[in-house]
Amino acid sequence: MFSECAQLDQSKRSRAEPLFKIRYYTWTRNRCVHIRERKGSYFEVSHSKNTSRNMAAPVSNNSGCWGAPEVYKHHEQRKVCISRPKYREGRKAKAVKVYTINLESRYLMVQGVPAIGVMTELIQLCALYGAVEEYRPLDEYPAEEFTEVYLVKFQKLTSARAAKRHMDEKGFYGGVLHVCYVPEYETVEDTRLKLQDRRRYIIRAVQNKAREKQQEAVNKDPPSSDTATTSKTIITRQDKTSDKNNTWKTSNISHYSSFPLLPVPPQEHHYYGHKSEQRTIPTEDKMGTLHNAITDTKQQPEQSSSSIQTSSDRDRGTEHRLTSHQSSAVRFVPRTTHLENRKRRMEEAAELSLTDVTGNSEPLIGPKLPEPPKLDMEDESLNTTVNLIRNTLKQVESIPDLKPVQKKPKPRRRI
Amino acid sequence: MWKRGSSESSDRFEYLQTLVTEFQDTDSDEAKEQVLANLANFAYDPKNMEYLKELQVTDLFLDMLTEENDNFVEFGMGGLCNLSMDPECRDMILQSSGISLVTNRLSSRREETVLSAITILMNLTTASSRSEITDPAILQCMLRFSLSESPRLRNLAAVFLQDCCSEEQVARAEQQMQGQQTAVGIPLPKE
């Protein structure tokens, strides 16, 4: 599993050769000064010995997407529409504009960043919404005085979307950011993949919707004879159980799969919701929470019989996990075996989440199990970003004179 | 859970219906533009696909392509671009002779409109519609776009030429272009 991740990482990295480009800043008289020369710029120019010129001038690049920027119409902030009737007014004032996939991109342009050397902070903020693959300041882009413009390339379009939504028109170190998509930085391949992803996503979403609808129909009349056939689409491996079990299960399972079927990162409420539903914490039950005990006695005979019957002919699957949880709540389990089970389940869940990402035909059923303790961020993309940032910070910090904090003001002479 | 979902969805349907009704009833172009943009943006979310189909919004968008108001055309085209990702909507658009309506707007002066049009044509490509979409005239358009100054237009046209038609078709279109120089006259979007 880990080797797979590493491979994935490598392939991604090789696609984006210049991993990140750093600009160096130095501080003089409390003001950030670019090392790089700005034509006709207000800023002073200072020279540092340990910066290489080609680092500072990343424009000449074989990828072709980092050329001199041009100002396009879709960068502008449109005028907000104020003539909407009440029922069409959203929570936020917005312009009249249609978003299509052509307008979206994993490349974002961030304008209005105060020119006080907060690039690292900006990228850290961006990385909250997903892994950042590349970034650089757009010096040639016309910016307001004392502000800078940055180009940020996310690994995924969804990250860029989230970043735009959360960062646009938000305050940042005393400035207000304007974030917009800049699809003109895409390569042909970027564009192609973007469209393909979108088409795939729509098809999957529509299929899921249809499936959900089918389930709803099933739920409305559970005792009908066709439950078995329709539920087959959802519970792929279940076929031999009796009708009685079926009806109970379909109603229960459809409840879970009405959550989005895409692999969802572990979310708190999700997790707890399932936990309470399925009584995976036996301690609380055994301590005498009554309502759980009552429902258990109702469902117990059906469940245990089904779990015994079905788990024998099923190797491993989401369904299996579900039933085993329920039976674990009923029977007494010694603490050691309980812990063992939990460990096994955790491993299983990790495997499943992997296969789900690649196979994705199977709906996520069952509780979100606690993630194996990772170093920090609980998310792979975030972790890669964190690593990137850490490396960047290391590099940046290795250069003297960088941080304002490091340069302590001269101690005043006392008279 | 699913109960709440279904009541929410019926609310959504009613809301969309209200939008369509306002679009049909109002005389104000401004309101029409706003509603049209609203509907086109709703079409981006696959959750709404079904309701929009039921309300026949595909035909509403297609009607906009023959309007004179450039905003109507742009928003209608954007809506179609969003809807045509869905196979069922694609078939509906194909049945309403969407290809010719969309193709006629490839000469629009607005880049956004042209970009949407190209994406729609790609989405509309099926085994049976391929011959119509790879018409030499359309390919010549795409060849011209692929030389455009705008990287977005250039890229999208390149994807079309690479994915939707064969190399021989492109070569043939290129030859015809050189022979007659007809496609040179196709104006490129300015805005």
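Bear in mind the structure is a predicted one, so any value in this text is a computation, not a measurement.

Attention shifts here to empty space enclosed by the protein. What the rule picks out here adds up to 10 cavities of 30 Å³ or more. Looking at the second largest cavity, its volume works out to about 60 Å³. Lining the second largest cavity, in full, are N102, P183, E186, T191 and K194 of chain A together with L115, R152 and L156 of chain B. Along the lines of polarity and charge, the residues of the lining of the second largest cavity split into three nonpolar, two polar and three charged.

All names here are of chain B. The geometry of helix α5 (residues 70-83) relative to helix α8 (residues 111-124) is characterised by a closest axis approach of 9 Å and an angle of 30 degrees between their N-to-C directions. Put simply, α5 runs roughly parallel to α8. Helix-helix and strand crossings are classified by hand; for α5 and α8 the assignment is left-handed. Seen from α5, the contacting residues are V73, E74, M77, G78, L80 and C81; seen from α8, they are E112, T113, S116, A117, T119, I120 and N123. Residue classes in the contact of α5 with α8 are distributed as six nonpolar, five polar and two charged.

With that settled, consider the interface of chain B and chain A. Counting residues at the interface gives 47 residues for chain B and 41 residues for chain A. Here chain B packs against chain A, burying approximately 3800 Å² in sum over the two surfaces, 56% of which is carbon and sulfur. Run the count over chain B and chain A and you get three salt bridges. Its salt-bridge partner being D163 of chain B, residue R192 of chain A comes within 2.9 Å of it at the nearest N-O pair.

By secondary structure assignment, the location of D190 of chain A is in helix α5 (residues 188-220). D190 of chain A has contacts with R106 and Y107 of chain A, leaving out every residue within four places of it along the chain.

Right, let's get into the pattern of salt bridges. The final tally for this structure, using the stated rule, is 17 salt bridges over all chains. E134 of chain A is the salt-bridge partner of K153 of chain A, the closest N and O atoms lying 3.4 Å from each other. Highlighted residues: K153 of chain A in strand β5 (residues 147-154) and E134 of chain A in strand β4 (residues 132-137), separated in sequence by 19 residues. Across the salt bridge formed by E50 of chain B and K209 of chain A, the nearest N and O atoms sit 3.8 Å from each other. Within this pair, whereas E50 of chain B is found in helix α3 (residues 49-54), its partner K209 of chain A is found in helix α5, the two belonging to separate chains.

All names here are of chain B. One way to put it is that helix α2 (residues 29-42) packs onto helix α4 (residues 57-64) with a least axis distance of 11 Å and a crossing angle of 130 degrees. With respect to their mutual orientation, α2 and α4 come out oblique. As α2 runs across α4, the sense of the crossing is left-handed. In this structure, α2 contributes L36, L39 and A40 to the contact, and α4 contributes L60, F61 and M64. When the residues that make up the contact of α2 with α4 are grouped by side-chain class, the tally is six nonpolar, no polar and no charged.

Under the counting rule described, the total for this entry stands at five aromatic pairs over all chains. Ring centres of Y107 of chain A and Y185 of chain A lie 6.5 Å apart, and the angle between their planes is 25 degrees; this geometry places the pair in the stacked category. Of this pair, Y107 of chain A sits in strand β3 (residues 107-114) while Y185 of chain A sits in the loop between β8 (178-181) and α5, and the two are 78 residues apart along the sequence. The two residues Y107 of chain A and Y185 of chain A agree in class, both being buried. When the ring of F13 of chain B is compared with that of Y51 of chain B, the centres are 5.8 Å apart and the planes differ by 70 degrees; the resulting orientation is edge-to-face.

This part is about the confidence of the model for chain A. Residues and elements named next belong to chain A. Chain-level statistics for chain A give a pLDDT mean of 63 and a share of 44% at 70 or above. In the predicted structure, residues 1-65 sits below a pLDDT of 50 and forms 113 contacts with residues beyond four places in sequence or in another chain. The model gives residues 224-260 a pLDDT under 50, and that stretch makes 67 contacts with residues more than four places away or in other chains.

This next bit is on the sheet that holds β5 of chain A. Residues and elements named next belong to chain A. Pairing is antiparallel in the open sheet, where four strands are placed in the order β4-β5-β3-β8. Only two strands of the sheet have a single neighbouring strand rather than two, namely β4 and β8. Taken pair by pair, the neighbouring strands of this sheet meet at an average axis angle of 20 degrees, ignoring direction. The strands touched by helix α4 (residues 157-167) are β3, β5 and β8; relative to β8, the strand with the most contacts, the crossing angle is about 155 degrees.

Calculation notes
Residues numbered from 1 in each chain as written. Chains lettered and ligands numbered in written order. Predicted model: local features only at pLDDT ≥ 70, side-chain atom pairs only at ≥ 80, totals over all residues. Heavy atoms only, no water. 1 Å grid on protein atoms, 1.4 Å probe; cavity = no way out; pocket = protein on both sides within 12 Å on 5 of 7 lines; lining within 4 Å. Points joined across faces, edges and corners; volume = space filled by probe spheres on them. Nonpolar A, V, L, I, M, F, W, Y, C, P; charged D, E, K, R; others polar. Axes fitted to C-alpha atoms, helices over the stretch in contact; angles between N-to-C directions. Helix = DSSP H or I, 4+ residues; strand = E, 2+ residues; numbered from the N terminus. Parallel < 35°, antiparallel > 145°, perpendicular 65-115°, else oblique. Left-handed = near helix turned anticlockwise from the far one by under 90°. Contact = heavy atoms within 4.5 Å. Buried area = accessible area lost by both parts, 1.4 Å probe. Salt bridge = Lys/Arg side-chain N within 4 Å of Asp/Glu carboxyl O. Phe/Tyr/Trp six-rings, centres within 6.5 Å; stacked < 30°, edge-to-face > 60°. Buried < 20%, exposed > 50% of the residue type's maximum accessible area, 1.4 Å probe, protein only. pLDDT = per-residue confidence, 0-100. Pairing = 2+ DSSP bridges.

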